[in-house]
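If you want the building blocks of each chain, they are given just below.
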Amino acid sequence: MEIRAASDADWPTIWPIVEAVVRAGETFTYPRDADEALGRTLWMMAPPGVTLVAVEAGRVLGTAKTGPNQMGPGSHVATASFMVAADARGRGVGRALCEAVIARAKADGYRAMQFNAVVETNRSAVRLWKALGFGVVGTVPEAFAHPTEGLVGLHVMHRGL
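Let me sum up the structure you'll find in this document.

So, how was this worked out
Residues numbered from 1 in each chain as written. Predicted model: local features only at pLDDT ≥ 70, side-chain atom pairs only at ≥ 80, totals over all residues. Heavy atoms only, no water. Helix = DSSP H or I, 4+ residues; strand = E, 2+ residues; numbered from the N terminus. Rg over C-alpha atoms; globule rule 2.2 N^0.38 Å. Buried < 20%, exposed > 50% of the residue type's maximum accessible area, 1.4 Å probe, protein only. Contact = heavy atoms within 4.5 Å. Areas by Shrake-Rupley, 256 points an atom, 1.4 Å probe, with all protein chains shown as cover. Pairing = 2+ DSSP bridges. Axes fitted to C-alpha atoms, helices over the stretch in contact; angles between N-to-C directions. Phe/Tyr/Trp six-rings, centres within 6.5 Å; stacked < 30°, edge-to-face > 60°. Expected span 1.5 Å × (residues − 1). Arc of directions from axis to C-beta. Parallel < 35°, antiparallel > 145°, perpendicular 65-115°, else oblique. Nonpolar A, V, L, I, M, F, W, Y, C, P; charged D, E, K, R; others polar.

If you tally the helices and strands in the chain, you get four helices and seven strands. Along its sequence from the N terminus, the chain presents helices and strands in the succession β-α-α-β-β-β-α-β-α-β-β. Relative to its length of 161 residues, the chain is compact, with a C-alpha radius of gyration of 15 Å against a globular reference of 15 Å. Its C-alpha atoms give the chain principal-axis dimensions of about 40 × 40 × 30 Å. Burial status across the chain gives 44% buried among its 161 residues. Residue pairs at least 24 apart in sequence account for 59% of intrachain contacts in the chain once pairs closer than 6 positions are excluded. Counting only carbon and sulfur atoms, one obtains 53% of the accessible surface of the chain, whose full area is about 8,100 Å².

Right under this line is the structure:
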């Protein structure tokens with residue numbers, strides 16, 4: 001599997017992944033009815049951010065975006081988000097993307113990485129982020145309206161680089 005920066009030409013293969021995750025409404029705070037134009041605006045990062053893709057045999061299996069968590073005095077902390085195609089889950093795509101994001105953040109001089117809104121019912125992601133050195137520094141109770149679980153918490157997760 002190759003992890004590389006996404007190009008504009010990748011968008012048609014990224015959008016179906018983004019659309020499926022957003023429509024499910026289980027893991028992202030994006031509007032479930034977001035159209036492709038909004039999806040592209042939310043996912044395709046402008047510098048200093050970057051969008052990555054995980055590609056195998058010419059197929060995009062997953063994608064990540066990363067950049068500064070905040071502007072100005074908070075810009076030394078990175079953030080990232082990840083989406084993996086449903087049929088590629090459980091194959092190490094998310095781990096590979098996160099490892100690539102961490103390496104890039106270190107190389108770019110960030111001091112830490114923070115995930116602002118990890119849905120607590122996204123147990124596989126929480127388990128993976130913990131395995132990669134992230135800790136839950138707090139949980140905002142009932143901050144996410146899950147389509148089947150009701151109101152659930154959003155974890156803020158952090159790790160130093």
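Next comes the rest of the write-up.
A word on the sheet that holds strand β2 (residues 50-56). Taken in spatial order, the seven strands of this open sheet run β1-β2-β3-β4-β5-β7-β6, and their pairing is mixed. The open sheet has two edge strands with one neighbour each: β1 (2-5) and β6 (135-146). Taken over all neighbouring pairs, the strand axes of this sheet differ in orientation by 25° on average, direction set aside. Bridge analysis of strand β3 (residues 59-68) against strand β4 (residues 77-84) gives seven bridges, and the strand direction is antiparallel. Bridged to T66 within β4 is A80.

Moving on to the packing of aromatic side chains. Any two aromatic rings considered together are summarised by their centre-to-centre distance and by the angle between their planes. Scanning the model with the defined rule gives seven aromatic pairs in all. Ring geometry for W11 and W15: centres 5.9 Å apart, planes at 35°, overall tilted. Taken together, the residues span about one helical turn, with W11 and W15 both in helix α1 (residues 11-24) at a distance of four residues. Like W11, the residue W15 is buried in the burial classification. Between F82 and W129 the ring centres are 4.8 Å apart and the planes differ by 40°, which places this aromatic pair in the tilted class.

Right, let's get into helix α3 (residues 93-107). The first and last C-alpha atoms of α3 sit 21 Å apart over 15 residues, in line with the 21 Å expected at 1.5 Å per residue. Listing the buried residues of α3 in full gives V93, G94, L97, C98, V101, I102 and A105. The buried side chains of α3 occupy one side of the element, clustering within an arc of 165° when seen end-on. Residue G109 follows α3 closely and has a positive phi angle near 90°.

Contact pair α1 / helix α2 (residues 36-43): the axes reach a minimum separation of 10 Å and the direction vectors enclose 100°. It follows from the interaxial angle that α1 and α2 lie roughly perpendicular. Contacts between α1 and α2 involve W11, I14, W15 and V18 on the former and, on the latter, E36, G39, R40 and W43. Residue composition of the contact of α1 with α2, by class: five nonpolar, one polar and two charged.

These figures come from the coordinates and say nothing about function on their own.
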